[in-house]
Amino acid sequence: MKITHKLSAGFIFCAGLWAYSAAVVQAAAEVPKTAFVHLFEWHWSDIATECEDFLGPKGFAAVQISPPQKSIDNAAWWSRYQPVSYQFDSRSGNREQFKDMVQRCNAAGVSIYLDAVINHMAAWNRSFPDVPYSTEDFHNCRDNIDYSNRWQVQNCDLVGLNDLKTESEYVRQKIADYMNDAISMGVAGFRIDAAKHIPATDIAAIKSKLHTLADGNPPYIFQEVIGASGEPVQPSEYTDNGGVTEFNFARTIGSAFKNGKINTLKSLNQWSGWLPSDKAVVFVTNHDDERGNAGNELTYKDQGNLYMLGHVFMLAYPYGYPKIMSGYKFNSSDDAPPSAGVHSGNACDFNGGDWVCTHEWRGVGNMVAFRNYTAAQWKVTNWWDNGSNQIAFGRGGLGFVVINRADSGTLTHTFSTGMPEGDYCNIIDGDFDSTAKTCSGETIHVDGQGNAQFSVGYQGAAAIHVGASLGGIVIPPVTGPEPEKAVRSTAMCYYDQSAGFTTPYLYYWKPVPASAMSSVAWPGVAMEKNGDFYCYDPAAEVTSVNVIFSDQGASQTEDLSASSGSCYLNGAWKSLSDCGFSLTDEPDDPQASENTRVCYDNAQNFSSPYLYFWNVAAASAVNTVAWPGVAMSADGNSYCYDFGTELSSLNVIFSDNGSGQTADLSAFSPDLCYLNGSWQDLSLCINQ
Ligand code: AAO
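These figures come from a predicted structure and were not determined experimentally.

**Describing the site of the ligand**
Okay, so step 1: The local shell around the ligand holds 22 residues, among which D193, H197, E224, E231 and D288 are the closest.
Okay, so step 2: In the environment of the ligand, an oxygen atom lies 2.9 Å from a nitrogen or oxygen atom belonging to the side chain of Q82.
Okay, so step 3: Here an oxygen atom of the ligand sits 2.5 Å away from a polar atom, N or O, in the side chain of D288.
Okay, so step 4: When grouped by side-chain class, the residues that make up the shell around the ligand number 10 nonpolar, five polar and seven charged.

What follows is the structure in structure tokens.
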């Protein structure tokens, strides 16, 4: 969960700041980093300089680099996607230059994500002695891939590229060795090229062989899976491994900006069928699509300022982990990159050179800080639109953006921004100097009511945020949630001020490992109140699980991906400590934790024991169920159902999925074990 990880820096969510009410603090060092750039075909030495001069100071999280391994000798950019060896030797530089880049970027606070071409080797004979790979390390299908056939997608050669047998232990180890070599040089993450063509389980197996980074965290991975409706292999299959590309984002904003109305993008982060935000890698376009597969995507070739506005929207909008595409100008799609780099003889387009340098455009580069400074309020607030192509929205008082995509006319309007009073730099128009606290462009005044007047020309934008305030960094007073007691490191906690659930329930499915959480019926388990939060502790390490929070089955969140030891705070995943929890190693009182279950010895030999219940008195409210109730899970010699909350008393009927039922029974805690026809202490069922 890289984004969660990226967003986990202290900043506003330090418990001590919750009650903060003065206006000005200096907190710049703790602002999270939430966006990255693809420096397509850049030289390693140029990337190193760029990290030091620009990306580090601007708050970029990382750079995706072109594939660094040795590839076929061909001027076209795509030759880099045809590996012949795993040696660090490419036209971007050699191993020493690679190592130097990684070190210098890391020192500048910028991670390196390596584009890992591991689905295949080059399209030539099946012998790569340098790895070594030989014929038996490849699949045998050389047909053109029929994308409606899962087997072909994952076993045949992609555009003739020799398809590696990633189910083989030998191949997996060779790939992991290559990636671990990169990790040993300081690489922090990987893009998995053509991930759709590798079964998700094979990627998981390779991932399990990877070393941890110097800081003890696992490397970040995101997988290139082009979502297409109707295809059997879908992006959602890959979320357990890490991030996944969400192409719907680029396609949707592209067509809205080019041919539609951008006010339709208001609730994009709630659209169903898209990846959960913390798994989605989003972009305006990518290196393939800008060359012709773009459909409606925006590219640097678009007339006017639309490509820039697409980036402003992406970086302002709370969905996904954004990647900025930054390549070079081309006429034909095969064109080779310029031979000299931005810092080694050539230059950015705006300086008369051949490199596009999208990430350096003021409105793009400065919006990275906007995203970083607003990350703590992961939601759209203060939305305004004119019913068409002019929109404005806030980020919970930490930032406000105005986009005028119309083709004529200036948008002049006084907006309710939700921001604290002050003077802010319009970072689309000017650069903010954080030392001198000055703005080289327009200044926007927010009054005591949070209102501010903006005047934005057509195909233009304006943006302000608390990190670019002429009075210093302003953190609005926040009355935030407080936990009441420590939790164990496995707990999952929840608080959402705007949702306002009165009885939060946690529904979950597909836990990994499966044994960590017993299956539940909708709406799942009641969460236990802990101060302003509600928590549920599976009491086991869960590396990933799908969850939905609901108000006891009524209004609910979208499908979310979680792990144990996390906290869903106002729409974004945080660590437990970022929600203000202290952790305890103390097990819950064993008696107390056991008294959440009702167990049954199944004396009747039901093939499918079910528990129906009513009149439940428990610490947290328990939802009613329809006959025949809920399935019980085998637990030792008994069948049990866990209510997830401390039970006092309840009425139950056990049945065989509705038939052969017992009489109406009344149970009183701690006698929650129905054994040999009578209620006994729960421990008798559990310890059998
Ligand atoms: C080169 C030559 C080939 C030659 C080959 C072997 O160009 O003519 O046969 O060498 O000698 C890059 C270039 C390739 C190049 C290759 C190797 O793009 O032209 O081949 O290096 O040098 C599929 C994959 C996806 C892949 C994409 C290009 O699923 O993973 O094809 N992208 C990555 C890289 C890419 C790279 C490779 C993989 C290979 O990003 O740069 O190739 O390492 C549908 C499917 C997609 C499929 C596309 C294209 O997508 O769903 O899975 O992607 O078609 O075939 C709408 C539709 C959507 C459709 C999309 C098309 O959005 O909804 O269904 O349009 O973009």
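So much for the structure itself; the text now carries on.
**Focus: the side chain of S655**
Okay, so step 1: Tracing the chain through its elements places S655 in strand β36 (residues 647-656).
Okay, so step 2: Of the polar contacts made by the side chain of S655, one reaches the backbone nitrogen of G658; its length is 2.8 Å.

**Considerations on the side chain of S566**
Okay, so step 1: Mapped onto the fold, S566 is located in strand β29 (residues 566-569).
Okay, so step 2: Of note is the side chain of S566, whose polar atom sits 2.6 Å from the backbone oxygen of S563.
Okay, so step 3: If we skip the residues at most four places from it in the chain, S566 touches A491, M492, C493, W573, K574 and L576.

**Regarding the domain arrangement of the protein**
Okay, so step 1: Segmentation of the protein into domains returns domain 1 (36-118 + 173-371), domain 2 (378-465), domain 3 (487-584) and domain 4 (597-687).
Okay, so step 2: The straight-line distance from the C-alpha centre of domain 1 to that of domain 4 is 52 Å.

**Overview of unusual backbone geometry**
Okay, so step 1: A cis geometry characterises the amide bond from V131 onward to P132, with omega recorded as -5°.
Okay, so step 2: We note that V159 has phi near 35°; this positive angle belongs to a residue other than glycine.
Okay, so step 3: Checked against the element boundaries, V159 lands in the loop between α4 (150-155) and α5 (169-184).
Okay, so step 4: With a phi close to 50°, A194 is a non-glycine residue in the positive phi region.

**Observations concerning the UniProt feature "domain: Alpha-amylase C-terminal" (unreviewed entry) in the protein**
Okay, so step 1: Mapped onto the present numbering, the UniProt feature "domain: Alpha-amylase C-terminal" (unreviewed entry) falls on residues 381-469.
Okay, so step 2: Regarding residues 381-469, the helix share stands at 0% and the strand share at 52%, and the terminal C-alpha atoms are separated by 20 Å.

**Things to note about the sheet that holds strand β13 (residues 390-394)**
Okay, so step 1: Spatial strand order, β12-β13-β14-β21: four strands in an open sheet with antiparallel pairing. Sheet topology places β12 (381-385) and β21 (460-465) at the edges, where each strand pairs with a single neighbour. Averaged over all neighbouring strand pairs, the angle between strand axes comes to 5°, with direction disregarded.
Okay, so step 2: As paired strands, β13 and strand β14 (residues 399-404) are joined by five bridges and run antiparallel to one another.

**Considerations on the sheet that holds strand β27 (residues 544-551)**
Okay, so step 1: The strand order across the open sheet built from four strands is β24-β23-β27-β28, with neighbouring strands paired in antiparallel fashion. In the strand order of this sheet, the two ends are held by β24 (525-526) and β28 (560-562), each with one partner.

**Here's the deal with the nonpolar core**
Okay, so step 1: Core analysis: the largest hydrophobic core is formed by 118 residues, its most contacted members being I47 and F313.
Okay, so step 2: If you tally residues by element for this core, the top one is helix α8 (residues 306-316), at nine residues.
Okay, so step 3: The residues that make up this core include at least three from each of domain 1 (36-118 + 173-371) and domain 2 (378-465).
Okay, so step 4: What I47 contacts, discounting residues up to four positions off in sequence, is L39, W42, V63, I65, M101, C105 and I112.

**Some points on helix α2 (residues 44-58)**
Okay, so step 1: In this model, α2 (15 residues) spans 19 Å end to end at C-alpha, consistent with the 21 Å of a helix rising 1.5 Å per residue.
Okay, so step 2: C51 marks the point of greatest bend in α2, at about 55°.
Okay, so step 3: Those residues of α2 that fall on the buried side of the exposure criterion are W44, D46, I47, A48, E50, C51, F54, L55 and G56.
Okay, so step 4: G59, located one to two residues past α2, shows a positive phi value of around 85°.

**Things to note about the state of the cysteines**
Chemically, a disulfide is nothing more than a covalent bond linking the sulfur atoms of two cysteines.
Okay, so step 1: Evaluation of the coordinates by the stated rule reveals eight disulfides.
Okay, so step 2: C51 shares a disulfide with C105; S-S distance 2.1 Å. For the disulfide bridge between C51 and C105, the dihedral angle about the S-S bond is near 85°, and by the sign convention the bridge is right-handed. On the criterion of sequence distance, the pair formed by C51 in helix α2 and C105 in helix α3 (residues 95-107) is long-range, its members being 54 residues apart.

**Focus: the packing of aromatic side chains**
Okay, so step 1: Under the criterion given, the structure shown has 57 aromatic pairs.
Okay, so step 2: Here W42 and W355 contribute two aromatic rings whose centre-to-centre distance is 5.9 Å and whose plane-to-plane angle is 65°, an arrangement assigned as edge-to-face. Of this pair, W42 sits in the loop between β1 (36-39) and α2 while W355 sits in the loop between β11 (321-326) and α9 (362-374); the two residues are 313 residues apart in sequence, bridging distant segments of the chain.
Okay, so step 3: Note on F247 and F283: the rings are 5.0 Å apart at their centroids and 80° apart in plane angle, and the pair reads as edge-to-face. Of this pair, F247 sits in helix α7 (residues 247-259) while F283 sits in strand β10 (residues 280-283), placing them 36 residues apart in sequence.
Okay, so step 4: F283 gets classed as buried once you look at its relative accessible area, which sits at 1%.
Okay, so step 5: Taken together, the ring pairs in this structure connect W44, Y86, F88, F98, W124, F128, Y133, F138 and Y178 into an aromatic cluster.
Okay, so step 6: We note K301 situated over the ring of F330; from NZ or CZ to the ring centre the distance is 4.4 Å.
Okay, so step 7: If you follow K323 out to its NZ or CZ, it ends over the ring of F283, 5.9 Å from the centre.

**What about the packing of α8 against α9?**
Okay, so step 1: With their axes 9 Å apart at the nearest point, α8 and α9 run at an angle of 10° to one another. Relative to α9, α8 is oriented roughly parallel. Counting all contacts with α8, which are made through M308, H311, V312, M314, L315 and A316, the residues of α9 involved are G363, V364, M367, V368, F370 and R371.
Okay, so step 2: For the contact of α8 with α9, a count of residues per class yields nine nonpolar, two polar and one charged.

Criteria and cut-off values
Residues numbered from 1 in each chain as written. Predicted model: local features only at pLDDT ≥ 70, side-chain atom pairs only at ≥ 80, totals over all residues. Heavy atoms only, no water. Near = heavy atom within 4 Å. Polar contact = N/O pair within 3.5 Å; in protein donor to acceptor, adjacent residues only side chain to side chain. Nonpolar A, V, L, I, M, F, W, Y, C, P; charged D, E, K, R; others polar. Helix = DSSP H or I, 4+ residues; strand = E, 2+ residues; numbered from the N terminus. Contact = heavy atoms within 4.5 Å. Domains from an automatic or database assignment. UniProt positions renumbered as here; feature names shortened; annotations may be inferred. Pairing = 2+ DSSP bridges. Axes fitted to C-alpha atoms, helices over the stretch in contact; angles between N-to-C directions. Core = buried A, V, L, I, M, F, W, Y, C linked by side-chain atoms within 4.5 Å. Buried < 20%, exposed > 50% of the residue type's maximum accessible area, 1.4 Å probe, protein only. Expected span 1.5 Å × (residues − 1). Bend = angle between axes of the 7 residues up to and from the residue. Disulfide = S-S within 2.5 Å. Phe/Tyr/Trp six-rings, centres within 6.5 Å; stacked < 30°, edge-to-face > 60°. Lys NZ or Arg CZ within 6 Å of the ring centre and 35° of its normal. Parallel < 35°, antiparallel > 145°, perpendicular 65-115°, else oblique.

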